[in-house]
Amino acid sequence: MDVAERVAVGRSVGRHSRARMDRLAPPARRAHVLACGRVAYEWEQTLDAVSVYVRAPPGARGRDLDVALEPTRARVGVKGNAPYMEHELWARVKASESTWTLADGELALTLVKATRGEAWRSPFAAHGDASDAKEDERDKQRLMLERFQAENPGFDFSDASFNGQTVPDASTFMGGCGGG
């Protein structure tokens, strides 16, 4: 099942179950802050994708931008200039299914994960060491609960918790979540 099919199935689950999943496991934006205190980008992840949000240059329109989303790399710039953001990705993505949009001065990159359910510490490999361990663990738990809810839409996992030291990896636990 590809991402579009999973989205369609998710929509068919119904508003009540979708609202429960959003309450159970809402994606939370995380910021990558530079040493000068400026936010370079914000990001969030779901079972299927990592979304990266970047302020576009003032006055930029979609046709002005040069955006390339490759299986292991993302590049953003203004046509005719050197890229202002170019990084190796944390993990592989499905480049043909990944997209970008520009709205209200914010560029949104949607990177479709090659391995569904994989928890990323950062969208970019070079920034993984700056990741907060507690936020990483909360993301893993949120992804695992999102997976449980998607696989069992009739159940309420809002009070679920995990025993043990670490949360299982949603991409591999009990055979993985498929679609990777």
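Please refer to the structure higher up on the page.
Everything numeric in this text was worked out from a predicted model, so none of it was measured.

Participant: I tried to follow the nonpolar core on my own but got confused; where do I start?
Facilitator: Nonpolar side chains in soluble globular proteins tend to be buried together. Within the largest apolar cluster, 19 residues are counted, with the highest numbers of intra-cluster contacts made by Val 52, Val 67, Leu 109, Leu 111, Trp 120 and Phe 124. Beyond its immediate stretch of four places on either side in the chain, Val 52 contacts Tyr 41, Glu 42, Trp 43, Leu 107, Ala 108, Leu 109, Leu 111, Pro 123 and Phe 124. Within the second largest apolar cluster, 8 residues are counted, among which are Leu 143, Met 144, Leu 145 and Ala 170.

Participant: Sorry if this is basic, but what is going on with the sheet that holds strand β3 (residues 49-55) here?
Facilitator: The pairing of strands in a sheet happens through backbone hydrogen bonds and is either parallel or antiparallel. Strands sit in the order β1-β2-β3-β8-β7 across an open sheet of 5 strands; the sheet is antiparallel. Edge positions in the sheet fall to β1 (30-33) and β7 (99-103), since each has one partner strand and no second. Each strand axis lies, on average, 20° off the axis of its neighbour in the sheet, ignoring direction. One ladder, built from 4 bridges, connects β1 with strand β2 (residues 39-45); its direction is antiparallel. The residue of β2 that forms the bridge with His 32 is Tyr 41. Against the sheet, helix α3 (residues 133-151) makes contact with β1 and β2, and its axis sits at roughly 30° relative to β2, the strand it touches most.

Participant: Could you clarify how one ought to interpret the pairing of β3 in this entry?
Facilitator: Working note: regular strand, side chains alternate between the two faces of the sheet. Here β3 lies mainly inside the structure; 6 of its 7 residues are buried. Sheet topology note: the β2/β3 ladder contains 4 bridges and is antiparallel. Bridged to Glu 44 within β3 is Ser 51. Taking the residues between adjacent antiparallel strands as the criterion, β2 and β3 are bridged by 3 residues. Relative to strand β8 (residues 106-112), β3 runs antiparallel, the two sharing 7 bridges. Bridged to Arg 55 within β8 is Glu 106.

Participant: Quick question: what am I supposed to make of the pairing of β7 here?
Facilitator: Taken together, the 5 bridges between β7 and β8 define a ladder with antiparallel strand orientation. Within β8, the residue paired with Thr 99 across the bridge is Thr 110. The hairpin formed by β7 and β8 contains 2 residues between the paired strands, and Asp 104 there has a positive phi angle of roughly 55°.

Participant: Is there a simple way to explain the packing of aromatic side chains in this structure?
Facilitator: To describe a pair of aromatic rings, you give the distance between the ring centres and the angle between the ring planes. For the coordinates displayed, the defined rule picks out 5 aromatic pairs. On the numbers, 6.3 Å between centres and 65° between planes, the contact of Phe 148 with Phe 173 is edge-to-face. Taken together, the positions of Phe 148 in helix α3 and Phe 173 in the segment after α3 put the pair 25 residues apart, joining distant regions of the chain. Judged by its relative accessible area of 28%, Phe 173 falls in the partly exposed class.

Participant: Please clarify how the sheet that holds strand β4 (residues 65-69) should be interpreted in this entry.
Facilitator: Sheet architecture is open: 3 strands sit in the order β4-β5-β6, paired in antiparallel fashion. For this open sheet the edge positions go to β4 and β6 (85-88), each flanked by a neighbour on one side alone. Sheet twist, expressed as the average angle between the axes of neighbouring strands with direction ignored, equals 5°. Note that strand β5 (residues 73-78) and β6 share 4 bridges and pair antiparallel. Residue pairing in the sheet places Arg 73 in a bridge with Glu 88 of β6.

Conventions adopted
Residues numbered from 1 in each chain as written. Predicted model: local features only at pLDDT ≥ 70, side-chain atom pairs only at ≥ 80, totals over all residues. Heavy atoms only, no water. Core = buried A, V, L, I, M, F, W, Y, C linked by side-chain atoms within 4.5 Å. Buried < 20%, exposed > 50% of the residue type's maximum accessible area, 1.4 Å probe, protein only. Contact = heavy atoms within 4.5 Å. Pairing = 2+ DSSP bridges. Helix = DSSP H or I, 4+ residues; strand = E, 2+ residues; numbered from the N terminus. Axes fitted to C-alpha atoms, helices over the stretch in contact; angles between N-to-C directions. Phe/Tyr/Trp six-rings, centres within 6.5 Å; stacked < 30°, edge-to-face > 60°.

Note that all results are geometric; they support no functional claim without further evidence.
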